[in-house]
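# Overview (structure and organization)
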Amino acid sequence: MDLKKAGLITLSILLAFLASGCVLGRTGELKTLRFGITSNFDSFPIAVAFKAGFFGGNIKIVRYETAKECNKALEDREIDGCVTDIFSSIIKIDRGYDIKITASTNTTYSLVADSKFVSKAELERERIAICRNEQPVVYVYETMLSNVCSNLNTVSFLNSMQCCEMLLNGDVAAAILPEPFASQTLMSGCVRLDSTDNLKLGAIIFYDSVIKNNKTGYKRFISALKRLETLSANENREDILMSAAEYLALPQNCSLYTKCDYSAFELPKVNLIVYANQYLYKNKEIGDIYPYDKVVLEV
């Protein structure tokens, strides 16, 4: 066989190999999985796994300043999945995005106020800071205060950190804050008037097509989160936690980081998905009610 013929055969084999997706990752098996996180406590475990080196080279963690930016990146397919919330996830499904919730996150929102307030009723006509870029904040605000105060004076900000700063500076009387910002205000003398406790309003979502076509990347991502359970035995644990907090630009002096529950992520409760559907439908945020298996990936 002459060199020219051998070269043509080699080229044909290479082209067939590329066309099969084995190198380019048309099937998604070798493609890098891109996952978005934001500067909030929901993203903290993912940031910890990233700083601990659990993800490996085929998973890229992308940090965004706000939930709005992160959601926009997901909708534009710049990322394959992200940390978000149950409400935003259902809204995306209603708008035609083929996403699925694969786990819930331990989100807690609190109504925190200046120490001179002892009840929610006293916030009538007072300035209350909220972040309208985070869908659960609007829900928490309405459910906590609409039945208590008839005249509410809200002040909207870009992110929760700004709301926290406004409260600490005395520019507002109260704020709806997620962790760790709520705890930071308590450490500075504010009081907690109400809380969602452990409703787990946060969510990890992926495009359904990514879960099916990039099984290797998705499995590696889930395995990395499960490895968080072993973090307590890591001698560099404190450094990893503080590095993750710094990476997310979160307050550095929060004891929540060391007390964080790193158990495996759970699926959202059925009744919470039902309630979120009903709330969004009632407020005309969605045009239909979606069953649990349409919203959540059950494994």
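Please refer to the structure placed before this passage.
Residues numbered from 1 in each chain as written. Predicted model: local features only at pLDDT ≥ 70, side-chain atom pairs only at ≥ 80, totals over all residues. Heavy atoms only, no water.

Below, the discussion takes up the overall build of the protein. When its secondary structure is counted, the protein shows 13 helices and ten strands. Restricting to contacts in the protein with at least 6 residues of sequence separation, those with at least 24 account for 78%. Just so you have it, the protein exposes about 14,600 Å², and 50% of that area is on carbon and sulfur atoms. (Helix = DSSP H or I, 4+ residues; strand = E, 2+ residues; numbered from the N terminus. Contact = heavy atoms within 4.5 Å. Areas by Shrake-Rupley, 256 points an atom, 1.4 Å probe, with all protein chains shown as cover.)

Before going further, it helps to spend a moment on the sheet that holds strand β10 (residues 202-207). Taken together, the five strands give an open sheet; going across it, the order is β2-β1-β3-β10-β4, and neighbouring strands pair in mixed fashion. Among the strands making up the open sheet, the edge pair consists of β2 (59-64) and β4 (99-105). Each strand axis lies, on average, 30° off the axis of its neighbour in the sheet, ignoring direction. For β4 and β10, the ladder comprises six bridges, and the chain directions are antiparallel. The residue of β10 that forms the bridge with Ser104 is Ala203. (Pairing = 2+ DSSP bridges. Axes fitted to C-alpha atoms, helices over the stretch in contact; angles between N-to-C directions.)

Right, let's talk about the sheet that holds strand β8 (residues 174-178) for a bit. The pairing of strands in a sheet happens through backbone hydrogen bonds and is either parallel or antiparallel. The sheet built from five strands is open, its strands ordered β7-β6-β8-β5-β9 with mixed pairing. Two strands lie at the open edges of the sheet, namely β7 (153-157) and β9 (191-195), each paired on one side alone. For this sheet, the mean angle separating the axes of adjacent strands, direction not counted, is 30°. Bridge count for strand β5 (residues 109-113) against β9 is four bridges, and the pairing is antiparallel. Residue pairing across strands places Ser110 opposite Ser195, the latter belonging to β9. This element, helix α5 (residues 135-145), spans β5, β6 (127-131), β7, β8 and β9 of the sheet and lies at about 60° to β5. Its contacts with the sheet place helix α6 (residues 160-168) against β5, β6, β7 and β8, and it is angled at close to 145° to β8.

Turning our attention to the packing of helix α2 (residues 44-51) against helix α10 (residues 237-247). Closest axis-to-axis distance for the α2/α10 pair is 8 Å, and the angle between their directions is 120°. As summarised for this structure, α2 and α10 are arranged oblique, according to the angle between their axes. Handedness of the α2/α10 crossing: right-handed. In contact with Phe44, Ala47, Val48, Phe50 and Lys51 of α2, α10 contributes Ile240, Leu241, Ser243, Ala244, Ala245 and Tyr247. When its residues are assigned to classes, the contact of α2 with α10 shows nine nonpolar, one polar and one charged. (Parallel < 35°, antiparallel > 145°, perpendicular 65-115°, else oblique. Left-handed = near helix turned anticlockwise from the far one by under 90°. Nonpolar A, V, L, I, M, F, W, Y, C, P; charged D, E, K, R; others polar.)

Here we take up the environment of Thr216. Along the chain, the position of Thr216 falls in helix α9 (residues 215-226). Overall, Thr216 belongs to the partly exposed group, its relative accessible area being 26%. (Buried < 20%, exposed > 50% of the residue type's maximum accessible area, 1.4 Å probe, protein only.)

Applying the stated criterion to the full structure yields eleven aromatic pairs. A centroid spacing of 5.3 Å and a plane angle of 40° characterise the contact between Phe50 and Tyr247, whose relative ring orientation is tilted. Taken together, the residues span a long stretch of sequence, with Phe50 in helix α2 and Tyr247 in helix α10 at a distance of 197 residues. Using a relative accessible area of 32% as the deciding quantity, one classes Phe50 as partly exposed. (Phe/Tyr/Trp six-rings, centres within 6.5 Å; stacked < 30°, edge-to-face > 60°.)

The next subject is the pairing of β6. Across the five residues of β6, four count as buried, placing the element largely inside the fold. Of the pairings in the sheet, the one linking β6 to β7 comprises five bridges and is parallel in character. Within β7, the position partnered with Ile128 by the bridge is Thr154. Where β6 and β8 come together, two bridges link them in parallel fashion. Following the sheet pairing, Ala129 is matched in β8 by Ala175.

By secondary structure assignment, the location of Thr84 is in strand β3 (residues 81-85). Among the polar contacts listed, one links the side chain of Thr84 to the side chain of Asn71, at a separation of 3.5 Å. Those residues in contact with Thr84, other than ones at most four positions away along the chain, are Asp42, Asn71, Ser89, Gly202, Ala203 and Ile205. (Polar contact = N/O pair within 3.5 Å; in protein donor to acceptor, adjacent residues only side chain to side chain.)

Core analysis: the biggest nonpolar cluster contains 94 residues, and Ile46, Leu123 and Phe221 have the highest contact counts within it. Look past the residues within four positions of Phe221 in its chain and what remains in contact with it is Leu33, Phe35, Ile46, Phe55, Ile59, Ile204 and Phe206. (Core = buried A, V, L, I, M, F, W, Y, C linked by side-chain atoms within 4.5 Å.)

Further remarks concern the side chain of Thr196. Mapped onto the fold, Thr196 is located in the loop between β9 and β10. At 2.9 Å, the side chain of Thr196 forms a polar contact with the backbone nitrogen of Tyr109. Other than its neighbours up to four places away in sequence, Thr196 contacts Thr107, Thr108, Tyr109, Val140, Met144 and Leu201.

With that settled, consider the pattern of salt bridges. Applying the stated rule across the entire model yields nine salt bridges. Between Arg34 and Asp80 there is a salt bridge, with the nearest N and O atoms lying 2.9 Å from each other. Separated by 46 residues along the polypeptide, Arg34 in strand β1 (residues 33-38) and Asp80 in the loop between α3 (67-75) and β3 bring together distant segments of the chain. Judged by its relative accessible area of 7%, Asp80 is buried. With its nearest N and O atoms 3.2 Å apart, the salt bridge here joins Glu266 to Lys200. Residue Glu266 is located in the loop between α11 (256-259) and α12 (270-282), and its partner Lys200 is located in the loop between β9 and β10; the two are separated by 66 residues in the primary sequence. Under the relative-accessibility criterion, Glu266 is labelled partly exposed at 40%. For Lys200, a relative accessible area of 25% puts it in the partly exposed group. (Salt bridge = Lys/Arg side-chain N within 4 Å of Asp/Glu carboxyl O.)

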